[in-house]
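Residue-level listing of the chains:
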Amino acid sequence: INLGLAGFVLSALSVRFLFPSVSMEGRSFWIVRTLPISFRSVLWCKYLIFFPPFLFFSQMLVYFSNKILQVPDFFLFLSMANIFAISFALTGLAIGNPSQIAVGPGGVLYMLLSFIYLALMFGIQVRPVWYHIINHQDEIQSKLYFLGAILLTFVVGLLPLEWGARKLGKREYA
């Protein structure tokens, strides 16, 4: 539950601060367009600017909330790994969507997609975590679930960046 709430907080923060980062360039985006770099590079630069502070905040949020709740170390480290993946994916999803503002249809779509991602991510991990609780083992037995979570994270984090670069390349700027 703690990780779910942290994921929802990150979704809300990313729709507010990361999502409009490309559209905030406004009319001055023509300057970026004249640079001899690709839109993919522009989006990756924005990604690399926003990801470290977003990751730091998310790691601290999960770490301190788990310490307050006195969560066992195994679940603390699992939560930290999960929030790393969630931060990676939500940053890519937000930066790769060059919509206008967070309160428009694009922002609503972003929130919906981020909630779907979080639900899938937690759904994938229910069985391995339950198995760990029942058997009292220190490692998750099913590597297939882990691989599924990593694959989902890469798809959600990287595909929107590619899609956003293509969409920016097709836009007309006056």
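Whatever comes next refers back to the structure up there.
Residues numbered from 1 in each chain as written. Predicted model: local features only at pLDDT ≥ 70, side-chain atom pairs only at ≥ 80, totals over all residues. Heavy atoms only, no water.

Peer 1: So what's going on with helix α6 (residues 143-170)? Which residues, and what values?
Peer 2: The terminal C-alpha atoms of α6 lie 41 Å apart, and with 28 residues this matches the ideal 40 Å at 1.5 Å per residue to within 8%. Here α6 has its buried residues at A149, L152, T153, V156, G157, P160, L161, G164, A165 and L168. (Helix = DSSP H or I, 4+ residues; strand = E, 2+ residues; numbered from the N terminus. Expected span 1.5 Å × (residues − 1). Buried < 20%, exposed > 50% of the residue type's maximum accessible area, 1.4 Å probe, protein only.)

Peer 1: An account of the packing of aromatic side chains is needed here, citing residue identities and associated values.
Peer 2: Counted according to the given criterion, the structure contains ten aromatic pairs. Judged by centre distance (4.9 Å) and plane angle (90°), the rings of F8 and F115 are edge-to-face. Here the residue F8 occupies a position in helix α1 (residues 2-17), and F115 occupies one in helix α5 (residues 105-135), the gap between them amounting to 107 residues. Using a relative accessible area of 33% as the deciding quantity, one classes F115 as partly exposed. (Phe/Tyr/Trp six-rings, centres within 6.5 Å; stacked < 30°, edge-to-face > 60°.)

Peer 1: Requested: an account of the environment of L69, with residues and values cited.
Peer 2: By secondary structure assignment, the location of L69 is in the loop between α3 (39-68) and α4 (73-95). Separated by 67 residues in the primary sequence, L69 and N2 have C-alpha atoms spaced 9.0 Å apart.

Peer 1: Any chance you could break down the packing of α5 against α6 for me, citing the residues and the numbers?
Peer 2: Interhelical geometry of α5 versus α6 gives an angle of 170° and a closest axis separation of 9 Å. With respect to α6, the axis of α5 lies roughly antiparallel. When α5 is examined against α6, the residues Y117, L120, M121, I124, Q125, R127 and P128 are found in contact with a partner set consisting of Y145, G148, A149, L152, T153 and V156. Grouping the amino acids of the contact of α5 with α6 by side-chain chemistry returns nine nonpolar, three polar and one charged. (Axes fitted to C-alpha atoms, helices over the stretch in contact; angles between N-to-C directions. Parallel < 35°, antiparallel > 145°, perpendicular 65-115°, else oblique. Contact = heavy atoms within 4.5 Å. Nonpolar A, V, L, I, M, F, W, Y, C, P; charged D, E, K, R; others polar.)

Peer 1: Give me the lowdown on the side chain of S58, citing residues and values where you can.
Peer 2: Note that S58 resides in helix α3. With near-sequence residues (within four places) excluded, S58 lies in contact with L10, I83 and S87.

Peer 1: Before we move on, can you summarise the nonpolar core with the specific residues and values?
Peer 2: Core analysis: the biggest nonpolar cluster contains 37 residues, and L43, I83, I86, L90, Y110 and Y117 have the highest contact counts within it. The dominant element in this core, judged by the number of residues it contributes, is α4, at eleven residues. Once you skip the residues sitting within four places of it in the chain, Y117 turns out to touch A85, I86, A89, L90, L152, T153 and V156. (Core = buried A, V, L, I, M, F, W, Y, C linked by side-chain atoms within 4.5 Å.)

Peer 1: Summarise a nonpolar patch on the surface; cite the residues concerned and give the values.
Peer 2: A cluster of nonpolar residues, W44, L48, F146, I150, F154 and L158, forms a patch on the protein surface that exposes about 560 Å² of accessible area. Ranked by the residues each element gives to the nonpolar patch, the list is headed by α6, at four residues. Relative to the assigned elements, I150 resides in helix α6. (Patch = residues over 30% accessible without salt bridge, like charges linked within 9 Å, V, L, I, M, F, W, Y side chains within 5 Å. Areas by Shrake-Rupley, 256 points an atom, 1.4 Å probe, with all protein chains shown as cover. Salt bridge = Lys/Arg side-chain N within 4 Å of Asp/Glu carboxyl O.)

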